Amino acid sequence: MADNQELKAIKCPACSGDLSRSFKAQYDSEEEETVQVPVAKCLSCGKEYDQHTQEYYELFADTFTSDKDASVFKLGLKGKIDGIEYEIIGRLRYQDEEEWEKETWDEWLAISAEGVYRYFVEEEGKVYSYEEYVPKSMDMEKGDSIEFEGKKISKSSGYVGRIVFAEGELPWKPEIGEPTTIYEFKKDGANYTIEQSEDEISITRGDIIPYKKVMEAFGTEETRKKYQGNVSRKKVY
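These numbers were taken from a predicted model, which means no experiment stands behind them. (Residues numbered from 1 in each chain as written. Predicted model: local features only at pLDDT ≥ 70, side-chain atom pairs only at ≥ 80, totals over all residues. Heavy atoms only, no water.)

Colleague: Break down the overall build of the protein chain for me, with residues and values.
Modeller: Per the secondary structure count, the protein chain includes three helices and 15 strands. The C-alpha extent of the protein chain, read off along each of the three principal axes, is 60 × 45 × 40 Å. Split into buried and exposed, the 237 residues of the protein chain put 43% on the buried side. Carbon together with sulfur atoms contributes 46% to the accessible area of the protein chain, which is approximately 13,900 Å² in total. One way to put it: in the protein chain the 33 positive side-chain charges average out to a point 5 Å from where the 51 negative ones average out. (Helix = DSSP H or I, 4+ residues; strand = E, 2+ residues; numbered from the N terminus. Buried < 20%, exposed > 50% of the residue type's maximum accessible area, 1.4 Å probe, protein only. Areas by Shrake-Rupley, 256 points an atom, 1.4 Å probe, with all protein chains shown as cover. Lys, Arg positive; Asp, Glu negative; His and termini not counted. Charge placed at Lys NZ, Arg CZ, Asp CG, Glu CD.)

Colleague: With reference to specific residues and values, describe the pairing of strand E14 (residues 190–196).
Modeller: On a regular strand, each side chain points to the face opposite its neighbour's, so the side chains alternate between the two faces of the sheet. Most of E14 sits inside the fold, with six of its seven residues counted as buried. Looking at chain direction, strand E13 (residues 179–187) and E14 are connected through seven bridges and run antiparallel. In the strand pairing of E14, Phe185 is matched with Tyr192. Hairpin connection from E13 to E14: two residues lie between these consecutive antiparallel strands, with Asp188 at a positive phi of about 55°. Between the antiparallel neighbours E14 and strand E15 (residues 201–209) lie four residues. (Pairing = 2+ DSSP bridges.)

Colleague: Talk me through the sheet that holds strand E3 (residues 48–49); I want residue IDs and the actual numbers.
Modeller: Note on sheets: strands pair through backbone hydrogen bonds, and any given pair is parallel or antiparallel. Judged by pairing direction, the sheet is antiparallel, and its three strands sit side by side in the order E1-E2-E3 without closing on themselves. Edge strands, defined here as strands with exactly one partner in the open sheet, are strand E1 (19–28) and E3. Pairing of E1 with strand E2 (residues 33–42), which is carried by ten bridges, proceeds in the antiparallel orientation. Each bridged residue has a counterpart across the sheet, and for Ala25 the counterpart in E2 is Gln36.

Colleague: I'd like a rundown of the layout of surface pockets, residues and numbers included.
Modeller: Its volume calculated, the largest pocket comes out at about 830 Å³. Along the walls of the largest pocket sit 36 residues, with Tyr94, Glu107, Thr180, Glu195 and Ser202 positioned nearest its centre. Counting residues per element, the ones that place at least two in the lining of the largest pocket are strand E5 (84–96), strand E6 (104–112), strand E7 (117–123), strand E8 (126–132), E13, E14 and E15. (1 Å grid on protein atoms, 1.4 Å probe; cavity = no way out; pocket = protein on both sides within 12 Å on 5 of 7 lines; lining within 4 Å. Points joined across faces, edges and corners; volume = space filled by probe spheres on them.)

Colleague: Account for the nonpolar core, naming residues and giving values.
Modeller: Within the largest apolar cluster, 26 residues are counted, with the highest numbers of intra-cluster contacts made by Leu19, Ala40, Tyr57, Leu59, Phe60, Phe64 and Leu92. Of all the elements in the fold, those that place two or more residues in this core are E2, helix H1 (54–60), E5, E6, E7 and strand E12 (159–168). Examining the composition of this core, we find that four residues originate from one element, H1, more than from any other. Counting 15 residues, the second-largest nonpolar core is a separate cluster that includes Leu77, Ile81, Tyr86 and Ala217. (Core = buried A, V, L, I, M, F, W, Y, C linked by side-chain atoms within 4.5 Å.)

Colleague: Run through unusual backbone geometry, naming residues and quoting values.
Modeller: Phi is positive for Glu124, close to 50°, though the residue is something other than glycine. Mapped onto the secondary structure, Glu124 falls in the loop between E7 and E8. Judged by relative accessible area, Glu124 falls into the exposed class, the value being 66%. With a phi close to 55°, Asp188 is a non-glycine residue in the positive phi region. Mapped onto the fold, Asp188 is located in the loop between E13 and E14. A residue is classified by how much of its surface remains accessible, and Asp188, at 72% relative accessible area, is exposed.

Colleague: Go over a negative patch on the surface with me, naming the residues and quoting the values.
Modeller: Judged by side-chain charge, Glu30, Glu31, Glu32, Glu33, Glu98, Glu99, Glu101, Glu103 and Glu124 come together as a negatively charged surface patch. Topologically, Glu103 is positioned in the loop between E5 and E6. Since its relative accessible area comes to 31%, Glu103 is described here as partly exposed. (Patch = residues over 30% accessible without salt bridge, like charges linked within 9 Å, V, L, I, M, F, W, Y side chains within 5 Å. Salt bridge = Lys/Arg side-chain N within 4 Å of Asp/Glu carboxyl O.)

Colleague: So what's going on with helix H2 (residues 211–218)? Which residues, and what values?
Modeller: Buried within H2 we find Val214, Met215, Ala217 and Phe218. Projected onto a plane normal to the axis of H2, the buried residues spread over an arc of 165° and lie on a single side. Across H2 from its buried face, at more than 90 degrees, point the exposed residues Lys212 and Glu216. (Arc of directions from axis to C-beta.)

Here you go:
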């Protein structure tokens with residue numbers, strides 16, 4: 001898909017006026033002080049759009065992508081995991097909707113020669129490997145909880161991720177600011193993720209994968225040198 005970071009005028013849905021980057025005062029309960037947080041503000045009617053709106057991410061998307069190239073994964077790279085070769089074909093970057101400061105993670109989509117998808121989730125220096133999973137039973141309509149193969153998951157444990165960057169081949173055409181509600185939980189020693197968007201629900205199962213294993217599979221000469229340098233420094237200190 002085409003690079004979605006093209007500069008364009010973002011319009012206010014209320015009056016069609018231009019939106020611009022601005023700030024508003026907000027009390028931070030953790031810091032116990034008033035801070036200035038970013039908002040998208042209409043130059044015509046003055047309406048403000050915060051991080052719970054799609055307009056905010058359309059205007060501020062580039063602020064969440066300054067480090068998007070600092071990854072061992074790249075489109076087109078091929079590598080073997082557990083004896084199966086995968087090619088990296090797509091990527092989504094999400095921002096936690098509840099955080100106005102940068103709090104992102106990447107979901108890399110890979111495919112094997114047999115057409116099997118695998119997702120590599122990169123977050124805070126860790127990599128998780130997930131495969132699509134079809135549960136024996138699941139009910140999303142049980143009031144304030146989800147029934148998943150006999151296990152109850154509280155809906156209050158879910159959080160919302162907003163798409164701030166996308167590239168490559170993906171199962172659908174994502175939009176900047178598109179929200180997805182995410183539920184993460186453990187069952188029988190495995191990590192599960194339920195992702196619920198407006199149009200679909202997807203379930204994956206997996207576990208953390210050693211970074212060394214990822215580097216051996218997908219690392220280039222340059223990224224391997226950086227990795228070895230970081231490991232050496234950690235051993236020294």
